[in-house]
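In case you want the letters, here they are:
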Amino acid sequence: AQSVTQLDSHVSVSEGTPVLLRCNYSSSYSPSLFWYVQHPNKGLQLLLKYTSAATLVKGINGFEAEFKKSETSFHLTKPSAHMSDAAEYFCVVRGPGAGTALIFGKGTTLSVSS
Amino acid sequence: GAVVSQHPSRVICKSGTSVKIECRSLDFQATTMFWYRQFPKKSLMLMATSNEGSKATYEQGVEKDKFLINHASLTLSTLTVTSAHPEDSSFYICSASGRGTEAFFGQGTRLTVV
């Protein structure tokens, strides 16, 4: 079975400072891992995905994540936060095969202050 | 990425009535579709997985007679909430998957039962 644990339910940063959203995963297989963002009353937007290629994955809007198998982690980072980054972020895992569902973490709310 | 269209985006219905939500993959064949439910300020909970032409597989605790899922074609799945009650009010999101590792999300449906 697959699962993800987002270690922080809420992260607050100042505009222009780095962002770190932490995620640990558990999987019996080599997982596919994703980060999604959801702005208030909006749908989900894919930020980036890891599918066993390069361990450092670059996504949209300056976000990136590094897959570390030894630590079973897939933390999301951004060098400099913008006000528009304030949203809910979900770490997501998926097992092998197209028929397996995406399993969501509980989410991390990112607040950005000016 | 591929496009998944979910309709309606918002619906208000009276208690005791049924509501149908459609999920369409517009430019790819979705062999598997997933239905999620999201409570306010909460994560997405997988409700069921459906494969084209087969009965849906429901997650534990999800009433299959209340949440009817049909996946009659490779581009359309429907979720019908039967005999809706106020506690069924929620944000429902579909996801469609073809042969790849990524699943694509609809924009969600906000259901309010009054």
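Our structure's up above, just so we're on the same page.
These numbers were taken from a predicted model, which means no experiment stands behind them.

Engineer: Any chance you could explain the packing of aromatic side chains here in plain terms?
Structural biologist: The description of an aromatic ring pair rests on the distance of the ring centres and on the angle between the ring planes. Summed over the entire model, instances satisfying the criterion amount to 13 aromatic pairs over all chains. For the pair Y50(A) and F67(A), a centre-to-centre distance of 4.1 Å together with 15° between the ring planes defines the contact as stacked. Taken together, the residues span a long stretch of sequence, with Y50(A) in strand β6 (residues 44–50) and F67(A) in strand β8 (residues 64–68) at a distance of 17 residues. Just as Y50(A) is buried, F67(A) falls in that class too. Taking the centre distance of 5.8 Å and the plane angle of 80° together, the rings of F104(A) and F105(B) count as edge-to-face. Remark: F105(B) occurs in strand β10 (residues 103–105) and F104(A) occurs in strand β11 (residues 102–104); the pair is interchain, linking two chains. The residues F104(A) and F105(B) share a single accessibility class, namely buried. By the ring-pair criterion, three or more aromatic residues cluster together here, those being F34(A), Y36(A), F90(A), F104(A), Y36(B) and F105(B).

Engineer: Would you take a moment to explain the interface of chain B and chain A for this structure?
Structural biologist: Listed by partner, the interface residues are 21 residues for chain B and 21 residues for chain A. Viewed at the interface, chain A and chain B are joined by 0 salt bridges. At the surface where chain B touches chain A, the tally comes to 5 residue pairs in polar contact (both at pLDDT 80 or more). For the side of chain B that touches chain A, the elements supplying multiple residues, two or more each, are β4 (32–38), β5 (44–51), β9 (90–97) and β10 of chain B. Take the side of chain B that touches chain A: its biggest share by element is 4 residues, from β4(B). Split into classes, the residues belonging to the side of chain B that touches chain A amount to 8 nonpolar, 9 polar and 4 charged.

Engineer: Would you explain the side chain of Q38(B) in this entry?
Structural biologist: Residues and elements named next belong to chain B. Positionally, Q38 belongs in strand β4. When its relative accessible area of 7% is taken as the criterion, Q38 is described as buried. Only 2.9 Å separates the side chain of Q38 from the backbone oxygen of K42, close enough to count as a polar contact.

Engineer: Got a minute to help me understand unusual backbone geometry in this structure?
Structural biologist: Glycine aside, residues mostly have negative phi angles, and peptide bonds mostly take the trans form. A cis geometry characterises the amide bond from H7(B) onward to P8(B), with omega recorded as 0°. Secondary-structure assignment places P8(B) in the loop between β1 (4–7) and β2 (10–13). For T72(A), which is not glycine, the phi dihedral falls at a positive 45°. Relative to the assigned elements, T72(A) resides in the loop between β8 and β9 (73–78). Residues other than glycine seldom take positive phi values, yet S83(B) does so here, at roughly 45°.

Quick notes on the rules
Residues numbered from 1 in each chain as written. Chains lettered and ligands numbered in written order. Predicted model: local features only at pLDDT ≥ 70, side-chain atom pairs only at ≥ 80, totals over all residues. Heavy atoms only, no water. Phe/Tyr/Trp six-rings, centres within 6.5 Å; stacked < 30°, edge-to-face > 60°. Helix = DSSP H or I, 4+ residues; strand = E, 2+ residues; numbered from the N terminus. Buried < 20%, exposed > 50% of the residue type's maximum accessible area, 1.4 Å probe, protein only. Contact = heavy atoms within 4.5 Å. Salt bridge = Lys/Arg side-chain N within 4 Å of Asp/Glu carboxyl O. Polar contact = N/O pair within 3.5 Å; in protein donor to acceptor, adjacent residues only side chain to side chain. Nonpolar A, V, L, I, M, F, W, Y, C, P; charged D, E, K, R; others polar.

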